[in-house]
Amino acid sequence: MDISNGCTQFTDYHRILHENISDGEQIEEAERAKAEKAQQKNEGMYRELVEFSPAGIYEVDLGTGELLSLNDAVCNLSGYSREELLKMSPYELLDEDGRLKLKIWHNQWKGEKVSPLMECRIRHKNGHYVDIQIQGYYISRECGKISRLVVMLIDISARKMAEKVLRENEERQACLLKFSDILRSLSDPVEIHATVTCTAMDHFKSDRCYYCEIEDDKAIIRKDSFTSNLKSMVGVYTLSALPVQKSLIEAGQSFSFSDVHTTEIMGDELREMYIQQKIISYLDIPVVKGGKDGKAVGLLCIAQSTPRNWTGAEVQCAMEVAERTWAAVERAKSEEALRANEAKYRKLFDTSNDGFWWADQHGFITEASEGAAKMLGYSPNELVGKFWTNFVDDTWLDKGYEIWKARKAGQSNRYEIKLKKKDGSSIWAKVSGASLLNENGTYDGTLAAFTDITAQKAMEEELSKSEKKALALVAQLEKADKNKNEFISVLSHELRNPLAAILAGMEVLDITKDARQKSKVKEIMNRQTNQLCKLVDDLLELTRINQNMIKLKRKIIDLNEAIKGVIEDFEYEFEMNGIELEAKIQTEQIMLYADPVRLTQAVGNLLNNALKFTHKGGKACLMLQQENEDAVILVQDNGIGIAPQNLPHLFTPFMQVNTSLERSTGGLGLGLSIVKNVVGLHGGTVCAHSEGLEMGASFSIRLPIVTDSTYRVEKQITSHNHQKNLNVLIIEDNRDFAEMLCTMLSTLDCCVTIAYDGEEGLRAARENKPDVIFCDIGLPLRNGYDVAASIKQDIALKDIYLIALSGYAYEKDQELALKAGFDKHLAKPVDIAILKEVLKNNG
Amino acid sequence: MLKKRVLISDNYKDFVHLLVVFLSKQPDIEIIGVAYNGNQVLTMIEQTNPDILLLDLIMPEMDGLEVLRKIHGMCLNLRVLVVSAIGKEEMCEMALELGAERCFLKPANLNEILQSIRNKAC
């Protein structure tokens with residue numbers, strides 16, 4: 001700087017000013033003298049004031065440009081002594097900017113007495129600059145002419161500093177506001193990197209900016225910003241390869257240099273690297289998280305390819321930006337993770353075979369998954385808005401309400417329940433229900449997840465059923481085995497007694513010569529032989545019954561006549577045993593469709609029991625009567641009676657004989673089980689009654705009779721219908737029902753064959769080629785539908801009129817039967833009028 | 001010669017009849033009675049004090065085993081031969097344990113029974 005030149009210029013300006021002013025003023029002589037006097041008087045006061053003023057004041061002679069005086073404050077402001085200052089021009093204190101400003105200031109003054117204010121800097125002797133405010137005053141001393149300039153300097157550096165801080169603060173706030181605004185709308189971490197670096201580059205007027213995510217020893221740059229002449233630095237860097245930076249980053253200290261060429265904080269190798277990247281000046285700010293022992297998690301770097309001093313404000317601002325960037329990236333990452341998680345669960349929700357639904361606190365479904373809807377036969381939308389009870393099986397509603405109550409109390413639970421489908425059917429479900437609470441901890445709804453376990457349940461039930469069946473079967477077999485052993489033991493006893501008598505008889509015959517005695521012995525032997533024969537017969541009979549080998553030879557009989565015959569057979573024996581036998585028989589005919597031989601055998605067994613178990617002098621009675629559609633045969637005695645505990649077992653073969661070791665009346669006790677079976681085959685029932693031991697016993701047989709009407713129907717059909725008799729096949733495994741139907745059809749002059757299972761039925765159909773088949777549905781070996789299908793497929797049989805018989809009369813059953821090939825469906829029981837109608841139509 | 005006094009118990013009347021005819025023909029045997037049930041047996045033992053009891057095990061009212069138990073407590077000088085149509089061997093064993101001398105399973109040879117009655121006669 002050329003100070004002497006500057007000084008000259010300064011003096012010139014004062015002179016110009018002085019001339020302007022002197023041209024514009026005219027002051028009278030007298031006034032001037034008076035003023036001078038006053039002026040001189042004030043001179044002393046003025047000097048004193050100037051000397052002690054805190055503002056720097058100096059006086060310049062406008063004529064010579066010479067510094068006339070100055071106070072201590074000027075020395076303090078400038079750092080120079082009074083003597084030094086008096087030798088130099090005040091102009092020298094200004095920097096270049098100050099001198100320029102001074103020139104403008106003079107131009108603006110325009111001859112006013114007091115100048116405008118000017119702010120500039122003066123250079124302190126120690127090299128620092130001091131902000132000052134300058135104001136000048138013209139003073140006229142001689143003849144009213146302006147001859148001197150007084151300049152006042154006020155130190156405003158404190159105010160300037162405050163203004164600077166304020167300004168920096170405002171700038172920082174504005175900067176942060178700007179970053180906050182852009183970051184707020186961003187949700188993708190890479191996008192955040194891109195935007196932050198771009199904005200920071202612009203804000204800091206740098207030519208490169210990037211943000212690293214720091215994970216352990218890795219610094220990852222996903223996106224950076226740089227001017228077009230530079231190269232991207234995106235990549236993954238290993239921190240331990242950069243030990244200087246690493247230690248600073250780990251310590252959480254920012255790292256900067258203003259010129260890579262001159263900085264001493266790095267070695268030449270690193271310097272070279274920065275130079276290659278065209279990073280000449282550089283600032284990085286680590287973000288440290290985790291309190292006292294925290295570690296660096298992010299790093300914001302600003303670089304420039306020219307030297308640059310990083311100001312405190314810039315560093316401060318960069319720190320704030322780095323901090324905000326990290327927070328934004330973290331937020332975006334966790335949001336992204338949340339979104340990914342949500343997408344995962346949404347996928348699960350949408351595609352799972354299990355069902356999910358949400359219900360609100362009032363129990364209404366708010367959202368339901370496809371799986372839930374499918375399971376229940378709805379579409380998801382149909383579920384929404386409905387109350388939960390719509391989907392729970394009616395029989396499980398109580399349980400459902402119980403669970404809901406617990407749920408509302410905040411309990412989550414797992415349970416199995418029956419759910420109701422749209423079509424009304426139900427499924428078994430395993431449910432996990434979570435009670436959802438709001439932030440106040442009160443019940444806010446339910447999330448339920450459920451799995452269809454219907455098949456599993458069915459399997460379990462089937463398993464438990466078959467297990468029970470197996471156990472029951474084992475128990476039954478064990479019991480049967482035990483009964484069989486008991487039976488054999490009793491059988492042996494019953495066989496030994498007559499055998500003993502026969503053997504003894506032979507020995508007695510050897511030693512007896514008395515003819516009368518011999519005859520008596522032979523009679524005994526004969527009786528015992530007969531007893532043996534009867535035993536064997538009973539055994540065989542029982543076996544036949546057990547193997548269902550008895551075939552009834554039925555015909556229409558008058559029961560009165562049959563019973564009369566039985567009584568005649570027994571009259572003698574009762575008389576011989578001293579027991580009275582009374583018979584009460586109706587005079588009117590009781591018509592029965594029965595096997596007379598079997599029926600008289602059954603009644604005979606009852607009479608035989610009365611004979612055996614009645615004391616001599618006792619009384620037995622046989623009564624026959626008609627009750628509605630039944631014939632009732634009652635055999636009563638006043639004999640030894642039956643203990644109540646034995647009553648239930650009377651008709652069970654083998655069971656009955658358990659207690660028979662106490663009996664000694666002979667016989668296997670098979671009589672009653674034979675009675676029961678024979679009566680059963682005739683479609684009747686038998687029951688026993690006794691008040692107890694020694695109270696006598698009564699047995700009644702109840703058999704269905706052929707009523708007058710059916711008898712008449714039969715006559716009518718035979719008389720009016722001269723067609724050939726219909727050939728009918730009955731396929732029915734319920735023997736009683738088959739027999740019954742057979743009876744009815746016989747009265748209608750049909751020729752009837754019975755088969756007891758599907759296979760046998762088909763065989764009979766092929767052999768007999770019947771006109772009509774009555775076929776049960778639930779048959780062993782082949783069911784009714786199967787039989788019907790086979791018959792209709794057979795050309796030789798397809799014209800047979802097929803009638804389905806079943807216990808069910810629903811339309812569905814009828815449809816199924818017709819579909820299977822049946823021509824007609826009849827529900828059991830069938831009455832004769834219907835049969836007649838059916839056969840007439842067919843005939 | 002003192003005749004063996006025999007009491008018969010059996011409810012199978014035809015067999016009893018033949019047994020009575022057979023034993024009656026033996027000169028050394030006297031049949032002092034026939035009981036048709038357990039209670040009768042005990043009464044008749046008290047009344048007639050027989051030497052030998054032919055006992056059936058299966059009888060009404062009181063069976064043979066129960067009769068044996070009762071006799072056991074009576075301290076009698078009575079020989080018991082079981083003649084019965086039992087179907088269970090264990091009953092035979094029980095009878096022997098209860099003091100019966102021998103068990104005849106029907107159909108038994110009457111001569112064998114006779115031999116048994118005579119064997120211990122002396």
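Worth saying up front: this structure is predicted, and the values here are computed from it rather than measured.

What counts and what doesn't
Residues numbered from 1 in each chain as written. Chains lettered and ligands numbered in written order. Predicted model: local features only at pLDDT ≥ 70, side-chain atom pairs only at ≥ 80, totals over all residues. Heavy atoms only, no water. Helix = DSSP H or I, 4+ residues; strand = E, 2+ residues; numbered from the N terminus. Buried < 20%, exposed > 50% of the residue type's maximum accessible area, 1.4 Å probe, protein only. Contact = heavy atoms within 4.5 Å. Areas by Shrake-Rupley, 256 points an atom, 1.4 Å probe, with all protein chains shown as cover. Axes fitted to C-alpha atoms, helices over the stretch in contact; angles between N-to-C directions. Parallel < 35°, antiparallel > 145°, perpendicular 65-115°, else oblique. Left-handed = near helix turned anticlockwise from the far one by under 90°. Nonpolar A, V, L, I, M, F, W, Y, C, P; charged D, E, K, R; others polar. Phe/Tyr/Trp six-rings, centres within 6.5 Å; stacked < 30°, edge-to-face > 60°. Lys NZ or Arg CZ within 6 Å of the ring centre and 35° of its normal. Pairing = 2+ DSSP bridges. Arc of directions from axis to C-beta. Polar contact = N/O pair within 3.5 Å; in protein donor to acceptor, adjacent residues only side chain to side chain. Right-handed = clockwise from strand over helix to strand, strands pointing away.

1. With respect to the overall build of chain B
For chain B, the count of helices and strands is five helices and five strands. Moving toward the C terminus, one meets the helices and strands of chain B in the order β-α-β-α-β-α-β-α-β-α. Relative to its full complement of 122 residues, chain B shows a buried share of 55%. Sequence-distant contacts in chain B: of pairs separated by 6 or more residues, those separated by 24 or more amount to 66%. Here chain B has roughly 5600 Å² of accessible surface; of this, 48% comes from carbon and sulfur atoms.

2. Describing unusual backbone geometry
The omega angle of the peptide bond from Lys106(B) to Pro107(B) is -5°, so this bond is cis rather than trans. By the secondary structure assignment, Pro107(B) is in the loop between strand 5 (102-105) and helix 5 (110-119). With a phi close to 60°, Lys278(A) is a non-glycine residue in the positive phi region. By secondary structure assignment, the location of Lys278(A) is in the loop between helix 9 (268-276) and strand 10 (281-289). A relative accessible area of 41% means that Lys278(A) is categorised as partly exposed. With a phi close to 45°, Lys769(A) is a non-glycine residue in the positive phi region. Checked against the element boundaries, Lys769(A) lands in the loop between helix 21 (758-768) and strand 26 (772-776).

3. A look at the packing of helix 14 (residues 454-511) of chain A against helix 1 (residues 13-24) of chain B
Between helix 14 of chain A and helix 1 of chain B, the shortest axis-to-axis distance is 9 Å and the interhelical angle comes to 25°. In this view, helix 14 of chain A runs roughly parallel relative to helix 1 of chain B, as classed from their interaxial angle. The element helix 14 of chain A and its partner helix 1 of chain B pack so that their crossing is left-handed. Contacts from Ala500(A), Ala501(A), Ala504(A), Gly505(A), Glu507(A), Val508(A) and Ile511(A) of helix 14 of chain A reach helix 1 of chain B at Phe15(B), Leu18(B), Val21(B) and Phe22(B). Residue composition of the contact of helix 14 of chain A with helix 1 of chain B, by class: nine nonpolar, one polar and one charged.

4. A closer look at the packing of aromatic side chains
Residue and element names in this part refer to chain A. Considering all chains together, one arrives at 19 aromatic pairs over all chains under this definition. Geometrically, the ring pair formed by Phe-364 and Phe-387 is tilted, given 5.3 Å between the ring centres and 55° between the ring planes. Pair noted here: Phe-364 is in the loop between strand 12 (355-360) and strand 13 (365-368) and Phe-387 is in the loop between helix 12 (380-383) and helix 13 (397-408), with a separation of 23 residues, a long-range link. Residue classification places Phe-364 among the partly exposed positions, given a relative accessible area of 35%. Cluster of aromatic residues (ring-pair linked, three or more members): Phe-364, Phe-387, Trp-388, Tyr-401 and Trp-404. Over the face of the ring belonging to Tyr-129 we find Arg-121, whose NZ or CZ atom lies 4.6 Å from the ring centre. In this structure, Arg-735 is placed above the aromatic ring of Tyr-756, and the distance from its NZ or CZ to the ring centre is 3.8 Å.

5. Some words on the sheet that holds strand 20 (residues 619-627) of chain A
Residues and elements named next belong to chain A. Taken together, five strands build an open sheet; the order of strands is 18-20-21-23-22 and the sheet is mixed. Two strands in the sheet have a free side with no partner beyond their single neighbour: strand 18 (580-584) and strand 22 (685-689). Each adjacent strand pair in this sheet contributes to an overall mean axis angle of 15°, direction not counted. Contacts between helix 16 (residues 559-576) and the sheet are confined to strand 18, strand 20 and strand 21 (630-637), with strand 20 contributing the most and set at about 180° to the helix.

6. Section: helix 3 (residues 64-72) of chain B
Residue and element names in this part refer to chain B. Every buried residue belonging to helix 3 is among Gly-64, Leu-65, Val-67, Leu-68 and Ile-71, and all of these are buried. For helix 3, the arc enclosing every buried residue in end-on projection is 155°, short of the 170-degree limit, so these residues lie on one face. Looking at the packing, one finds that the buried side of helix 3 touches helix 2 (38-48), strand 3 (52-55), strand 4 (79-84) and helix 4 (89-97). Capping the start of helix 3, Asp-63 holds a side-chain oxygen 3.2 Å from the backbone nitrogen of Leu-65, two or three residues further along.

7. Points about the pairing of strand 25 (residues 751-755) of chain A
Residue and element names in this part refer to chain A. The pairing of strand 24 (residues 727-731) with strand 25 spans five bridges and is classified as parallel. Its bridge partner lying in strand 25, Val-728 is registered against Val-752. Taken together, strand 24, helix 20 (residues 735-747) and strand 25 constitute a β-α-β crossover, and its handedness is right-handed.

8. Quick look at the pairing of strand 11 (residues 295-304) of chain A
Residues and elements named next belong to chain A. Burial within strand 11 is extensive, with nine of its 10 residues counted as buried. Looking at chain direction, strand 10 and strand 11 are connected through nine bridges and run antiparallel. Considered in strand 11, the bridge of Leu-283 is made with Ile-302. Connecting the antiparallel pair strand 10 and strand 11 is a turn made up of five residues, with Gly-290 showing a positive phi of about 105°.

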